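# Structural overview
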Amino acid sequence: MQSITININNKKLADKVMWFLKHLKNDGLEIILKEDMDDLKLLKATRKEESIPFDEYLENGN
């Protein structure tokens, strides 16, 4: 799987790009927001552990 990061500072253009990308979902495109990806990476890092200290979670959450 390949990952592509697109940074768009213009809201109108971002809406157009998302509209286009959503049409490719049926072809197998998966859209994940960067913020969600960061959360998923943190979650993945804890999967091998039974639990994670709350302080450590807060340190890595930002």
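Model, not experiment: these values are computed from the prediction.

## Some remarks on the overall build of the chain
Across its full length, the chain holds three helices and zero strands. Each helix and strand of the chain, ordered N terminal to C terminal, gives the series α-α-α. Expressed as a percentage of its 62 residues, the buried residues of the chain come to 2%. When the accessible surface of the chain is summed, it comes to about 6,400 Å², and 53% of that surface belongs to carbon and sulfur atoms.

## Some details on the confidence of the model for the chain
Mean pLDDT over the chain: 81, with 84% of residues reaching 70 or higher. No element of the chain has a lower mean pLDDT than helix α3 (residues 54-60), which averages 70, and none a higher one than helix α1 (residues 11-22), which averages 95.

## Describing the pattern of salt bridges
Applying the stated rule across the entire model yields one salt bridge. For the salt bridge of Lys 11 with Asp 15, the shortest nitrogen-to-oxygen distance reads 3.0 Å. Taken together, the positions of Lys 11 and Asp 15, both in helix α1 and four residues apart, correspond to about one turn of that helix. Residue Asp 15 is classed as partly exposed on the basis of its relative accessible area of 42%.

## As for the environment of Asn 60
Mapped onto the fold, Asn 60 is located in helix α3. Distance from Asn 60 to Leu 42, taken between C-alpha atoms, is 7.4 Å for residues 18 residues apart in sequence.

## Regarding a nonpolar patch on the surface
The grouping of Ile 32, Met 37, Leu 40 and Leu 43 at the surface amounts to a nonpolar patch, some 320 Å² of accessible area in total. When you line up the elements, Leu 43 lands in helix α2 (residues 34-46).

## A closer look at α1
For α1, with twelve residues, the first-to-last C-alpha span of 16 Å sits near the 16 Å given by 1.5 Å per residue. Between the side-chain oxygen at the start of α1 and the backbone nitrogen of Lys 12 there is a gap of 2.8 Å, and the oxygen is on Asn 10.

## Quick look at the environment of Ile 4
For Ile 4, the location among the structural elements is in the segment before α1. Residue Ile 4 is classed as exposed on the basis of its relative accessible area, which comes to 73%. Sequence separation of Ile 4 and Ile 31 is 27 residues, and the distance between their C-alpha atoms is 9.9 Å.

About the cut-offs
- Residues numbered from 1 in each chain as written.
- Predicted model: local features only at pLDDT ≥ 70, side-chain atom pairs only at ≥ 80, totals over all residues.
- Heavy atoms only, no water.
- Helix = DSSP H or I, 4+ residues; strand = E, 2+ residues; numbered from the N terminus.
- Buried < 20%, exposed > 50% of the residue type's maximum accessible area, 1.4 Å probe, protein only.
- Areas by Shrake-Rupley, 256 points an atom, 1.4 Å probe, with all protein chains shown as cover.
- pLDDT = per-residue confidence, 0-100.
- Salt bridge = Lys/Arg side-chain N within 4 Å of Asp/Glu carboxyl O.
- Patch = residues over 30% accessible without salt bridge, like charges linked within 9 Å, V, L, I, M, F, W, Y side chains within 5 Å.
- Expected span 1.5 Å × (residues − 1).
- Polar contact = N/O pair within 3.5 Å; in protein donor to acceptor, adjacent residues only side chain to side chain.

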